[in-house]
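Structural characterization, general
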Amino acid sequence: MTRSYAYFPGCSAKGTCKELDLSTAAVADLFGIALDPLVNAGCTGAREFRAISEQLHLTANGRIIAMAEATGRDLVVVCDTCLLNLVETNARLRADAAARDAVNQALTSEGLQFKGTIDVKHFLWVLTDDLGEAGLRSRIVRPLNGLRVGPFYGCHIQRPAAAHQRPREDKPALDRLCEILGATVVPYAGANKCCGFHVVTTDESIALRMSSSHLSNATAEGAQCIVTPCPLCHTVLDAYQPDMERQQRRRYGLPILHVSQLVGLAVGLSAEKLALSRHVVDCAGLTAYLPDRPLAPAAGE
Amino acid sequence: MNHSSRPTTRPDTIRARIYRFDPETDQQPRYDTFEVPRRPLMRILDVLDYVHETLAVDIGYRWLCTSKKCGSCAVNVNGSPALACWDEALPEMTIEPLSNLTVIRDLVTSRDDYEKTLASISPQLVRKEPYQSFPEPITARDFAATVHLRECIQCLACQSVCPVAAQPESGFAGPAVLVALSELAQDPRDGADRARIAGETANVFKCVSCYECERVCPSEIPIVSEAIEPLKRLAFRHTDAAGARRARAFLGEVKRQGQVNGAFVALRTKGLDLGAVRLGTRLLRRRKIDPFSLLRSLLGRRRAADAMRHTYESVEDKP
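One structure accompanies this document, and this report is about it. Remember, predicted model here, so these are calculated numbers, not experimental data.

1. Here's the deal with unusual backbone geometry
The step from Arg159 of chain A to Pro160 of chain A runs through a cis peptide bond, and the omega angle for that step is -5 degrees. Within the element layout of this structure, Pro160 of chain A appears in the loop between strand 5 (148–151) and helix 8 (173–180). Between Phe134 of chain B and Pro135 of chain B the backbone carries a cis peptide bond, its omega angle lying at -5 degrees. Looking at where Pro135 of chain B falls in the secondary structure, it is placed in the loop between helix 2 (112–120) and helix 3 (140–143). Although it is not a glycine, Ala46 of chain A sits at a positive phi angle of roughly 45 degrees. Considering the arrangement of structural elements, one finds Ala46 of chain A in the loop between strand 2 (33–37) and helix 3 (48–52). Judged by its relative accessible area of 13%, Ala46 of chain A is buried. The backbone of Asn78 of chain B sits at a positive phi, close to 50 degrees, despite the residue not being glycine.

Below you can see the structure in the form of structure tokens.
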């Protein structure tokens, strides 16, 4: 059975975290999951639309959900912040008829309508819940035995609690996924804290102090890499890692992986397919867990 | 004192490991462990009272109303804030002062920094019109938006877990102060320049939206969505705070090309400085920025933007 979803990659996966889009496509393909990108779907507004106008926030997100509804499939995202905006809007517009009418009125000109018939899911949940443990295990060719992974969940996939009415789990989905892949989950202080992304362009030092403490804690607990379901967290932890090293006057060199890349390692996808060279922090230390060959060198090096 | 971590042996006993520190006499903090007879429906405060009355008369802790009104008894229990007068005592508890606040003694933390910051935002109603007489000419509808904010008991649990308020150099007022400010900013009788206070004095845009404050609020106030975001909206409309510029740049990018290019938002927010050049070079070198798509989005205007510009423009002026 082919699983099929509408897919909203978000700006990071289309821009500065292109490797997330590439590796998600590669992993989905391998598991026979069809992810059909929505066309001209716009933006969930990050934290900005909400700060401009609630109506804009609800309309932009209701519009994306309505586009997925028109395809009759659940909507999959790969960013925690997109996830929260869409999940909150989906619940709000289902429950609040006045808000729904206002959004639908704005959407009429494009022939769209929010009906509330689909769910919004993170790709992580597609893997752990829809595909499930058996489905995942069926394609593992290189269990990540011995790899010590520090999970970094990101705020918006877990908070606010009222937005995420998922069945109570005894273990976070990301921990379960790591264990299914054979990796060792390394608990550390800060795993469920904030990376600081949403102030990084206005006051970089705040974010650097927050995230450098997470890197220190994960390193102290012996993590060999961090895995995160959020490209915004990835951007701070990876792209800004040299800035944290400068601020804290110490070296981390801790590779930061997207969920799809960690899965990709275990199911035998190549470094190229996973676009591992498109990281600021070198992932060469993880070569031992690659099935075929060493990492391709990064461009220009 | 007993520092072992063996589990409670008897179900009728509570084992409380309590943080002890007197900055005037102690070099560093220590933990004392006490065994307290367990009674039905016991609260954290009952345990502290028992310790104080029976085992350690000098233990420092604070309480007043004992009924979730005054907000003076918040402490950390097993690493997370709890109201001593309200929350149930656990069989095994490590009780510590709230994080990121100055310890006066043992479990008692200073409210000075909070009160200083609170004073800086004019925490009193600054009336547009002179007070006439009771009853005030206001309706329940006028107060609907702030009804949850009025549940704040200023226990500072939110302030203690906020990762930005934990950095005093950030200039961020913190969630507890913003709850008070938002209540005033949305009060129809108030005439102070709350937009400027929110954007420039309290630095509301330095909120990272991590929702830690909401997680720990004993009054379950939706702090981010009902206190902080209304303040951001106000500051967005009426100030040139960096966060307001960022929001404008973000919306401009979406309207121009249908989605955001992070590099442009950053450039339009803070301009080109050494840090931006350093970061940009690094991202180009690792192909995290593709120069061709950068050029395309610099010159181009995508069809995506045309499809939705009308939709966006029809709603963006409505709060």
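2. A closer look at helix 10 (residues 262–270) of chain B
Inspection of helix 10 of chain B places Phe264, Val265, Ala266 and Thr269 of chain B among the buried residues, and these make up the whole buried set. Following helix 10 of chain B by one or two positions, Gly271 of chain B has its phi on the positive side, about 75 degrees.

3. Comments concerning the packing of helix 2 (residues 18–30) of chain A against helix 12 (residues 259–266) of chain A
All names here are of chain A. Between helix 2 and helix 12, whose axes approach to 8 Å, the crossing angle comes to 45 degrees. It follows from the interaxial angle that helix 2 and helix 12 lie oblique. Crossing geometry of helix 2 relative to helix 12 is assigned as left-handed. Residues Glu19, Leu20, Ser23, Thr24 and Val27 of helix 2 touch helix 12, and the partners they reach there are Ser260, Gln261, Val263 and Gly264.

4. A look at the packing of helix 6 (residues 194–201) of chain B against helix 8 (residues 223–238) of chain B
Residue and element names in this part refer to chain B. For the pair helix 6 and helix 8, interaxial distance at closest approach is 8 Å and the crossing angle is 100 degrees. Here helix 8 runs roughly perpendicular to helix 6, going by the angle between their axes. Two secondary-structure elements touch here, helix 6 through Arg194, Ala195, Ala198 and Gly199 and helix 8 through Leu231, Leu234, Ala235 and His238. Grouping the constituent residues of the contact of helix 6 with helix 8 by class yields five nonpolar, two polar and one charged.

5. Points about the sheet that holds strand 5 of chain A
Residue and element names in this part refer to chain A. A sheet is described by the order of its strands in space; here four strands give the open sequence 6-5-7-8, paired in parallel fashion. For this open sheet the edge positions go to strand 6 (184–185) and strand 8 (256–258), each flanked by a neighbour on one side alone. Note that strand 5 and strand 7 (residues 225–228) share three bridges and pair parallel. What sits directly across from Gly150, in strand 7, is Ile226. Against the sheet, helix 10 (residues 231–239) touches strand 7 and strand 8, its axis set at about 160 degrees to strand 8.

6. Side note on the pattern of salt bridges
Inspection of the entire model under this criterion finds 43 salt bridges over all chains. Between Arg50 of chain A and Glu229 of chain B there is a salt bridge whose closest N-O contact spans 2.7 Å. A residue pair is termed interchain when its members come from two chains, as with Arg50 of chain A in helix 3 and Glu229 of chain B in helix 8. With relative accessibility at 5%, the residue Glu229 of chain B sits in the buried group. Linking Arg105 of chain B and Asp106 of chain B is a salt bridge whose minimum nitrogen-to-oxygen distance equals 3.7 Å. The exposure class assigned to Asp106 of chain B is buried, which follows from its relative accessible area of 3%. What emerges from the salt-bridge pattern is a single network uniting Arg20, Arg30, Asp32, Asp58, Arg105 and Asp106 of chain B.

7. Observations concerning a nonpolar patch on the surface
Taken together, the side chains of Leu267, Leu272 and Val277 of chain B define a hydrophobic patch exposed on the protein surface, amounting to about 280 Å² of accessible area. When you line up the elements, Val277 of chain B lands in helix 11 (residues 274–285).

8. Focus on the environment of Leu267 of chain B
One can find Leu267 of chain B in helix 10. With 45 residues separating them along the chain, Leu267 of chain B and Tyr312 of chain B place their C-alpha atoms 23 Å apart.

The rules behind each value
Residues numbered from 1 in each chain as written. Chains lettered and ligands numbered in written order. Predicted model: local features only at pLDDT ≥ 70, side-chain atom pairs only at ≥ 80, totals over all residues. Heavy atoms only, no water. Helix = DSSP H or I, 4+ residues; strand = E, 2+ residues; numbered from the N terminus. Buried < 20%, exposed > 50% of the residue type's maximum accessible area, 1.4 Å probe, protein only. Axes fitted to C-alpha atoms, helices over the stretch in contact; angles between N-to-C directions. Parallel < 35°, antiparallel > 145°, perpendicular 65-115°, else oblique. Left-handed = near helix turned anticlockwise from the far one by under 90°. Contact = heavy atoms within 4.5 Å. Nonpolar A, V, L, I, M, F, W, Y, C, P; charged D, E, K, R; others polar. Pairing = 2+ DSSP bridges. Salt bridge = Lys/Arg side-chain N within 4 Å of Asp/Glu carboxyl O. Patch = residues over 30% accessible without salt bridge, like charges linked within 9 Å, V, L, I, M, F, W, Y side chains within 5 Å. Areas by Shrake-Rupley, 256 points an atom, 1.4 Å probe, with all protein chains shown as cover.

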